[in-house]
Amino acid sequence: MTTPDDDVPAQLAQRPDLLADAAQRALRYLAGLDSRPVAPAAAALAGLDRLDFPLPGPGRPGKDVLALLDEAASPATVASGGPRYFGFVIGGALPAAQAAAWLTAAWDQNAALTVMSPAAARLDAVALRWVTELLGLPPGTGGGFVTGASMANATCLAAARDAVLSRHGWDAAGQGLVGAPPVTVLVGEQVHTTVRKALGLIGLGRDRAIVLPTDSQGRIVPHSLPILNAGPALVCLQAGNVNSGASDPFGDLIPWAHEQGAWVHVDGAFGLWAAADPSRADQVAGVAAADSWATDAHKWLNTTYDCGIALVRDPAALRAAMQATAAYLPTAEHREAMNLTPQSSQRARGAEVWAVLASLGRDGVAGLVERTCRLARRFADGLRAVGYEVLNDVVLNQVLVDFGGPDRTAAVVAAVQRDGTCWCGPTSWQGRPAMRISVSAWNTTAADIDRSLAAVLGCASRD
Ligand SMILES: *Cc1c(COP(=O)(O)O)cnc(C)c1O
């Protein structure tokens, strides 16, 4: 038996081999992504039982633990990092992102404060500036890296709540909402569920919002907009509907909301990236006039999980909502991540975003958005060509298809998932069940679309 003191040299001695082994296994895993079924096979799922044993007393050697992890868990992963995963809105991880993720894991930095990691703090600041520039948002926009667009929505809406109440003489950060003037909240009929969840988390209620009607693509209709009676108000808009990919008409809605004295928040988890592609930027024209924006890097920018971005036009509003104070914490001399996000301790998410943006550049990001949108259209055209109905205007990277009624569509989705060539999920659009295709990964090629289309058409003709 080893004593704790013996353990340190033993751990140190195994580190080089263990990390080299991990790198080799990771590379083997990645090399196999293209040739394996996208969804794990039943036998692979059964293999997960090997991971589920009573907590050991004495530990096992690191190399055995890693081998078991790889042998039992790797086959039971979903090949969502491969080129033919079209479920939800996922995206893969660019090699530059993965390489930066490995290096930052070795750093093991706490990015909460500059004093804890000057490198992480600088990378955060530069990456946020680049994202702001790329998305065409106002220079000087404040922001922070969070776990995803869900948390980015909650972060931005917390800043929004405090700011609109402060304008009406109420200190929500200090006094909470008990006794506060009521805050009017408006959302579109097609609001993403995570915006409702965020509204619940910040005390404004999931179900209290006034709902604005939307059109056939899920865009808020800019007619007969309500009068808000000059009280505190938040308007939640959307860049990129999670089904159709359509964006709200910001050019009409934001000036109206601002005339009413409302704060405008935009959920742009993936759709905001249309701004980075000159041929699609018109879809989000006017979005820069909003007051806050939530987006993801782990979706369309293809970083690893998890990485969302909360952006707020007025950095002071974000800081007022997120500031933490204690005797041992520095006062606001630098930009401090823990004063701009709900987290204190946090990983150095900005490093990976920095690496992806430095390696792709403005042109590479535009190319990524342009290519995935073009491939989504190729998929849609192939489905339409044989008579299936595509339910949305394919303006971005999302495609909704009806294979001939609810039962047939459900059967085709199940058959596609079993077939394993690609993976698509079910959804419902304007009351009609549909299969949803999202092309969000850097490594999808035209050949992948053609192969997937053939597999889907095969499933549809059999079921
Ligand atoms: C994915 C998505 C979210 C939630 O993002 P997470 O990164 O999963 O938290 C919110 N809004 C929209 C429109 C989305 O597509």
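Residues numbered from 1 in each chain as written. Predicted model: local features only at pLDDT ≥ 70, side-chain atom pairs only at ≥ 80, totals over all residues. Heavy atoms only, no water.

Caption draft 1: View of the pairing of strand E7 (residues 308–312). Within E7, five of the five residues are buried, which leaves it mostly tucked inside the rest of the structure. Where strand E1 (residues 142–146) and E7 come together, five bridges link them in antiparallel fashion. Across the sheet, Gly-144 pairs through a bridge with Ala-310, a residue of E7. Bridge count for strand E6 (residues 292–296) against E7 is five bridges, and the pairing is antiparallel. Paired with Ala-294 across the bridge in E7 is Ala-310. (Buried < 20%, exposed > 50% of the residue type's maximum accessible area, 1.4 Å probe, protein only. Helix = DSSP H or I, 4+ residues; strand = E, 2+ residues; numbered from the N terminus. Pairing = 2+ DSSP bridges.)

Caption draft 2: Examining the packing of helix H4 (residues 95–107) against helix H11 (residues 349–385) more closely. Direction vectors running N to C along H4 and H11 enclose 150°, while the axes themselves pass 8 Å from each other. Relative to H11, H4 is oriented so that their crossing is right-handed. The segment H4 lies against H11, with Ala-96, Ala-97, Ala-100, Ala-101, Thr-104 and Trp-107 engaging Ala-351, Glu-352, Ala-355, Val-356 and Ser-359. Across the contact of H4 with H11, the residue classes break down as eight nonpolar, two polar and one charged. (Axes fitted to C-alpha atoms, helices over the stretch in contact; angles between N-to-C directions. Left-handed = near helix turned anticlockwise from the far one by under 90°. Contact = heavy atoms within 4.5 Å. Nonpolar A, V, L, I, M, F, W, Y, C, P; charged D, E, K, R; others polar.)

Caption draft 3: Expanded view of the sheet that holds strand E8 (residues 389–390). Spatially, E8-E9-E11-E10 is the arrangement adopted by the four strands of the open sheet, whose pairing is antiparallel. Here the strands that pair on one side only, and so sit at the sheet edges, are E8 and strand E10 (425–429). Bridge count between E8 and strand E9 (residues 398–402): two bridges; the pairing is antiparallel. Across the sheet, residue Val-390 finds its bridge partner in E9, namely Val-401. Strand contacts of H11: E8, E9 and strand E11 (432–438), with the helix running at about 15° to E9, the strand carrying the most contacts. Taken strand by strand, helix H12 (residues 406–419) contacts E9, E10 and E11, and its axis lies near 30° from that of E11.

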